[in-house]
Amino acid sequence: MNTVKVARNTLILPLIARSIETDWSFGVAGSFTFRFNRTDTVTRTSNTQALALYSLRQQFIAAINGTIYFPGERYILSHQLSYSNFPDKFWGLGKEAPDKNEEAYTFQQYYVYLHFQRKLQNRIFVGLLYEYQRLLNVNYTSGGLFDQFNVRGRLPYHISGAGLSLTYDSRNNAFAPDRGGFLQIYFNHFSPAFGSDFRYTNYVADFRRFLRIYREQVLAIQAYAYFNSGAVPLRSFASFGGSNSMRGFYDGRYRSKNQVVVQAEYRIPLFWRLGAVGFAGIGNVGSHVSDLNFDELKYSFGGGLRLSLNRKERLNLRVDYGWGIGQSVSNGLYFQLGEAF
């Protein structure tokens, strides 16, 4: 009888994080990486990360997420489970959302995302998605922006939807690839037939390319498009900005049905476990696809440092500072686990 030799690596550490949305937050994070077979050089390393964070803005987040690569990468399972209790901000809907519109609200949310993929042929996968979200205890200013824009989902709701995906993935690493590409297109349909309070469809195209330019220096490029049709609720609108996309903008600084973002990052190793990056991005949002044009275009740029926590698996702690230029200028510091994309 053949026995499967599983290679495991577990990292648990106290975590201090920061973003524009949370300010400083404190908690604990764990990273579990493993291979089903030590001698399998084809299959990438599987990973599961868990964290619990409480911020200075009285926000609490608990999440488990990761990707499991089964032997030979015949199957791939991506998963995300989370709970958030989150004071947040809202500026309205659309590409024109002045700073003066800023309005506070809070919400509690449970979220489940599962993506199961099966290999069709080398590097090509077909997948099935499921997404569930339950929003409860939404507190906002009566008569304010939520009522003025008649925002769906300003009252407690839940959504449930399923969809299909097609993926080409030649990246050589799960955390910080330096070669290969990634192209994924998928749709997710939410309907009362699945138990959803709203009927709408989400379409996403995500392209990434990783190029080794000189020695171990890497140019990473991403083009991301997010579209919606139907009765879209609050937390399913395209959310512009954040720690992974258009850094420098508050996550949700602009919200609308549709979004397109293109960003690039240049990664340079320095010495010991340290590295540096520079990044820039451009993008926009709009209620209709035709609104995704050069009017009120948004820009992002910045730089940061990397500290390798696990050299073999390329798991990095990142510190970034970004500027966002739209109708006004915003900026912020990010202190996160893992690369932006």
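Structure's up top.
Definitions and limits used
Along each chain, the written sequence defines residue order, and numbers are assigned to residues from 1. Local features are withheld for residues below a pLDDT of 70 in this predicted model, meaning they are given only at 70 or higher, and side-chain atom pairs are given and counted only at 80 or more; totals for whole chains, interfaces and linings count all residues. Here the side-chain values reflect all heavy atoms present in the structure, with hydrogen atoms and water set aside. The helix and strand labels rest on DSSP assignments: H or I over at least four residues marks a helix, E over at least two residues marks a strand, and numbering proceeds from the N terminus. A 1.4 Å probe rolled over the protein chains alone gives each residue an accessible area, and that area as a share of the maximum for its type sets the label: buried under 20%, exposed over 50%, partly exposed in between. Throughout, a residue-residue contact means that at least one pair of heavy atoms, one from each residue, lies within 4.5 Å. For every accessible area listed, the method is Shrake-Rupley and the probe measures 1.4 Å; residues are considered covered only by the protein chains on display. The charged-residue count follows a simple rule in which Lys and Arg add positive charge and Asp and Glu add negative charge, with His and chain termini not counted at all. Taken as the charge centre is NZ of Lys, CZ of Arg, CG of Asp or CD of Glu, depending on the residue. Between Lys or Arg on one side and Asp or Glu on the other, a salt bridge is scored when a side-chain nitrogen of the former is within 4 Å of a carboxyl oxygen of the latter. Exposure above 30% relative accessible area and the lack of any salt bridge qualify a residue for a patch; like charges then connect within 9 Å, and the nonpolar side chains Val, Leu, Ile, Met, Phe, Trp and Tyr within 5 Å.

Undergrad: Quick one: what's the story with the overall build of the protein chain, residue by residue and with numbers?
TA: The number of helices and strands found in the protein chain is one helix and 18 strands. Its C-alpha atoms put the protein chain at 65 × 45 × 40 Å along the principal axes. Across the 341 residues that make up the protein chain, the buried fraction comes to 48%. If you take every contact in the protein chain between residues at least 6 apart in sequence, the share linking residues at least 24 apart comes to 57%. Accessible surface for the protein chain amounts to roughly 16,200 Å². Of this, 58% is attributable to carbon and sulfur atoms. Within the protein chain, one finds 37 positive and 24 negative side-chain charges whose respective centroids are separated by 9 Å.

Undergrad: Provide a residue-level description of the pattern of salt bridges, including the pertinent values.
TA: Per the counting criterion, the structure on display carries 20 salt bridges. Salt-bridge contacts for Arg235 lead to Asp88; the nearest nitrogen and oxygen are separated by 3.2 Å. With Arg235 in the loop between strand S11 (217-230) and strand S12 (238-240) and Asp88 in strand S5 (residues 75-90), this residue pair connects regions lying 147 residues apart in the sequence. Where Arg267 meets Glu339, a salt bridge forms, and the shortest distance between an N and an O atom there is 4.0 Å. Linking Arg267 in strand S14 (residues 258-269) with Glu339 in the segment after strand S18 (329-337), this pair joins segments that are 72 residues apart in sequence.

Undergrad: Report on a nonpolar patch on the surface, specifying residues and quantitative values.
TA: Taken together, the side chains of Val262, Ile282, Tyr299, Phe301, Tyr321, Trp323, Ile325 and Val329 present a nonpolar region at the surface, about 670 Å² in accessible area. Secondary-structure elements contributing two or more residues to the nonpolar patch are strand S16 (298-310) and strand S17 (315-325). Considering every element that reaches the nonpolar patch, the biggest residue donor is S17, with three residues. Mapped onto the fold, Trp323 is located in strand S17.

Undergrad: Residue-level account of unusual backbone geometry, with values.
TA: Look at Asn150: it is not a glycine, yet its phi comes out positive at around 50 degrees. Its location among the elements puts Asn150 in the loop between helix H1 (145-148) and strand S8 (157-169). With phi around 50 degrees, Trp272 is a residue other than glycine that occupies positive phi space. Tracing the backbone shows Trp272 in the loop between S14 and strand S15 (274-286). Using a relative accessible area of 62% as the deciding quantity, one classes Trp272 as exposed.

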